[in-house]
Structures are given as C-alpha cells and as structure tokens.
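# Coordinates in review
Each chain, letter by letter, is given below.
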Amino acid sequence: MTRSLSVGIALTGFMFIAAIGLAATVSGRQWLHRVDATLLGERAMDTLARLRSDEDWSTAAALRPDQDYTWLQAGGAPPVRIAHALGESGSATANTLAAARRAYAAGFRVLEVDLVEESGVLRCRHDPGPQGDLVQDGCTFETLMTALPRDAWVVLDIKTDFEGVGRRIVDRVTDTANATRVVFQLYRPGDFALFNRWQAQASLPGPILTAYLAHRRIDHLAAEAARIGVRAFTLPMDRMPALTARPAGAAVLVHPVHNCASWADARRFADGAYLLSSLHCGAPSSLGSR
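A quick note: this is a predicted structure, and the numbers were derived from the prediction, not measured.

Criteria and thresholds
- Residues numbered from 1 in each chain as written.
- Predicted model: local features only at pLDDT ≥ 70, side-chain atom pairs only at ≥ 80, totals over all residues.
- Heavy atoms only, no water.
- Helix = DSSP H or I, 4+ residues; strand = E, 2+ residues; numbered from the N terminus.
- Buried < 20%, exposed > 50% of the residue type's maximum accessible area, 1.4 Å probe, protein only.
- Contact = heavy atoms within 4.5 Å.
- Areas by Shrake-Rupley, 256 points an atom, 1.4 Å probe, with all protein chains shown as cover.
- Disulfide = S-S within 2.5 Å.
- Core = buried A, V, L, I, M, F, W, Y, C linked by side-chain atoms within 4.5 Å.
- Phe/Tyr/Trp six-rings, centres within 6.5 Å; stacked < 30°, edge-to-face > 60°.
- Expected span 1.5 Å × (residues − 1).
- Pairing = 2+ DSSP bridges.
- Right-handed = clockwise from strand over helix to strand, strands pointing away.
- Axes fitted to C-alpha atoms, helices over the stretch in contact; angles between N-to-C directions.
- Parallel < 35°, antiparallel > 145°, perpendicular 65-115°, else oblique.
- Left-handed = near helix turned anticlockwise from the far one by under 90°.
- Nonpolar A, V, L, I, M, F, W, Y, C, P; charged D, E, K, R; others polar.

Bringing the overall build of the chain into the picture now. Helix and strand content of the chain: 10 helices and nine strands. Across the 290 residues in the chain, those meeting the buried criterion constitute 50%. Across the chain, every contact between residues at least 6 apart in sequence was considered, and the portion connecting residues at least 24 apart equals 62%. For the chain, the accessible area works out to roughly 13,700 Å², and carbon and sulfur atoms hold 58% of it.

Below you can see the structure in the form of structure tokens.
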C-alpha cells in the first residue's frame, strides 16, 4: 500500500468519525445541514431519507382545481405577513388570545397557531404537557376563532395526531363561516389525500405545503408542489440555500423571521414570512412596513 493511499484512507476515516461526532450534537447537525444545503443541495439528507423511509412526494395526491387562496392576498401585498405563533413566537405569550389580538391590531390578517390535543381539547400550544413559564389565557381552537374578527385567517400548525385533530377541526367548521378561515398546513405526502376528503366535506381554503418535517431535498418538494397544485410553499430559513428552482405558481414563505437581519437574508426570493407582530424594519421593502 502506497503512502498516499494510506494517508487518503486515514483522512477518509477521520472525516467519517468527525461527521458522526458532529451529528451527535444539535449544533453539529445544524452545521452539517448547512454544508449539505449550501454545497450539495441537500443530497446527503435526501439519500438518507430514501434509505430510511418511503417519503416520496411524487405519491402525494393532487389538489382539486380552483383552490381558494384569497388568504394569500389578505396577508398583504408581497411580502405576505403571517403572525408566527399568533405573532409572539419564542416569548412567554406565544399562542395566546392576547397575542392574537395584538397581531390583529398591528395589521395582521393571517395568523399561525400551534395546536395540541389534550383531554379532548384543542389547545393553542407548541407542545403538550406542562407549560412552565408560558402564559396560558384559555386559548383553544374554538376561543381563537371566536376572538378573531371575520376578516382574519388562521393557519394551523397541528403538533399532535394530524389526522385525528384535523378531522375534529373539519367536523367543527363544516357548514359554518369558519370553514373558509382555516388554512391547513400539510406536512407529509399522505396528508394531501386526507385534505382532499376534508375539503369535500367543508369549504376549506387552499392549503400550505410546509417542509419543516420533510426529509427529502427541498428541490424535490418544490417540483412536486407545482404538480400537486399547491400555491403556498413554506420552508425553514436554513433550507433556503438548497432551493434552486421555485415551485411554479406558488408563493414561497419562510420561517422564522424574527428580526430584520433574518428578513435581509430571506428577501432575495421569499414572497412572505412567518414573523413577529412587533417586527418593524427600517427599509421600505421590509416586512415591518405595511
């Protein structure tokens, strides 16, 4: 064995061990993903996803034609503004009725809320169980829909049992005015067949394809989003570098955008963002302007 070959094998082994070590930590995984997204277009992640699961977005059912995306226009002239966790994501008052009222007063007409089901109640929370120092003011799906005026839309981020919670929501809004105000986020290929059945029951607006639980590369999702007929495509900020082709006919939305620096990173191509209702940036094109 030549010296150069021995050195090459040793370096490869070292890099492999180093990658395993990095993957064992949150910060390490984030760094590895940034490298994969920026240099490889998420091909490493995509390969692992295809080996570990059957996540294939080419199997997702196409939406019915003529989806109602009025809510996108309600988000404001581009960039579309969506209040993240009812406008106060990351704070003790996230996902509260008070936060929703403040976001509406700040001009937001599209508000995203995290939902969990606990003891049969659909609560406005990011996680089930004890909430620590987080404020709780009785926000549930029902109280939120009652508290918000009729010209506001609610984007659902369902954290527990997507199919079960989604079915309960559809049953509750069927034949009511609230049906047209509830925007579903769909996370996995199979969610689209479920949504088609729900939309046959209730007058639901056009949904969002969100990528934050997806493990296939972002370009795969974007291509299939165009085929499916979805007109709102959401991706995390750290996946932006891997998006080389926008989904045809769809608004690209990013999250989280919680400061003006994040918006500066995103505004190269984003059509909107999930952001804090208190965010005000100086530039005329900023998300804070209205």
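So, next bit.
Attention shifts here to the state of the cysteines. Within the structure shown, the criterion is met by two disulfides. Each sulfur in the disulfide pair Cys 124 and Cys 139 lies 2.3 Å from the other. With the S-S bond torsion at -65°, the cross-link from Cys 124 to Cys 139 turns out left-handed. Taken as a pair, Cys 124 in strand E3 (residues 121–124) and Cys 139 in the loop between E3 and helix H6 (141–147) lie far apart in primary sequence, 15 residues in all. Residue pairing for Cys 260: its cysteine sulfur links by disulfide to Cys 281, the two sulfurs lying 2.0 Å apart. The S-S bond linking Cys 260 to Cys 281 shows a torsion near -105°; that makes this disulfide left-handed.

Before going further, it helps to examine the nonpolar core. Here is a general trend for soluble globular proteins: nonpolar side chains tend to be buried in one another's company. The biggest cluster of nonpolar side chains holds 84 residues, and the ones touching the most others in it are Trp 71, Leu 156, Ile 169 and Phe 184. Here Phe 184 is in contact with Leu 156, Ile 158, Phe 162, Gly 166, Ile 169, Val 170, Phe 195, Trp 198, Leu 204, Pro 207 and Ile 208, once residues within four sequence places are set aside.

Turning our attention to the packing of aromatic side chains. In the structure shown here, the tally under the stated rule is seven aromatic pairs. Consider the rings of Phe 184 and Phe 195, whose centres lie 6.1 Å apart with planes at 65°: the pair is edge-to-face. Of this pair, Phe 184 sits in strand E5 (residues 182–186) while Phe 195 sits in helix H8 (residues 191–201); the two residues are 11 residues apart in sequence, bridging distant segments of the chain. As far as burial versus exposure is concerned, Phe 184 and Phe 195 are alike and both buried. Pairwise contacts between aromatic rings join Phe 162, Phe 184, Tyr 187, Phe 195, Trp 198 and Tyr 212 into one cluster.

The peptide bond linking His 255 to Pro 256 adopts the cis configuration, its omega dihedral lying at -10°. Mapped onto the elements, Pro 256 comes out in strand E8 (residues 251–257). One non-glycine residue, Leu 86, adopts positive backbone phi at about 65°. On the secondary structure map, Leu 86 appears in the loop between strand E1 (80–83) and helix H5 (97–105). The buried category is assigned to Leu 86, whose relative accessible area is 0%.

Attention now goes to helix H7 (residues 162–173). An ideal rise of 1.5 Å per residue puts 16 Å on 12 residues; H7 measures up with 16 Å between its terminal C-alpha atoms. By the burial criterion, the buried members of H7 are Phe 162, Gly 164, Val 165, Gly 166, Ile 169, Val 170 and Val 173. Buried residues belonging to H7 abut strand E2 (110–118), E3, H6, strand E4 (153–158), E5 and H8. Asp 175 occupies a position one or two residues after H7 and carries a positive phi of about 65°.

So, about the pairing of E4. Among the six residues of E4, six are classified as buried, and the element is accordingly described as predominantly covered. The alternating pattern of E4 places Trp 153, Val 155 and Asp 157 and Val 154, Leu 156 and Ile 158 on opposite faces, both of which are buried. In terms of strand pairing, E2 meets E4 through six bridges, oriented parallel. When the bridges of E4 are listed, Val 113 appears paired with Leu 156. With three bridges joining them, E4 and E5 adopt parallel strand pairing. Paired with Val 154 across the bridge in E5 is Val 182. Taken together, E4, H7 and E5 form a β-α-β motif whose crossover is right-handed.

This paragraph deals with the packing of H7 against H8. Where H7 meets H8, the closest approach of the two axes is 10 Å, and the angle between their N-to-C directions is 15°. Classed by the angle they form, the pair H7 and H8 counts as roughly parallel. Helix-helix and strand crossings are classified by hand; for H7 and H8 the assignment is right-handed. Along its contact with H7, which presents Phe 162, Glu 163, Gly 166, Arg 167, Val 170 and Asp 171, the element H8 presents Asp 191, Leu 194, Trp 198 and Gln 201. Across the contact of H7 with H8, the residue classes break down as four nonpolar, two polar and four charged.

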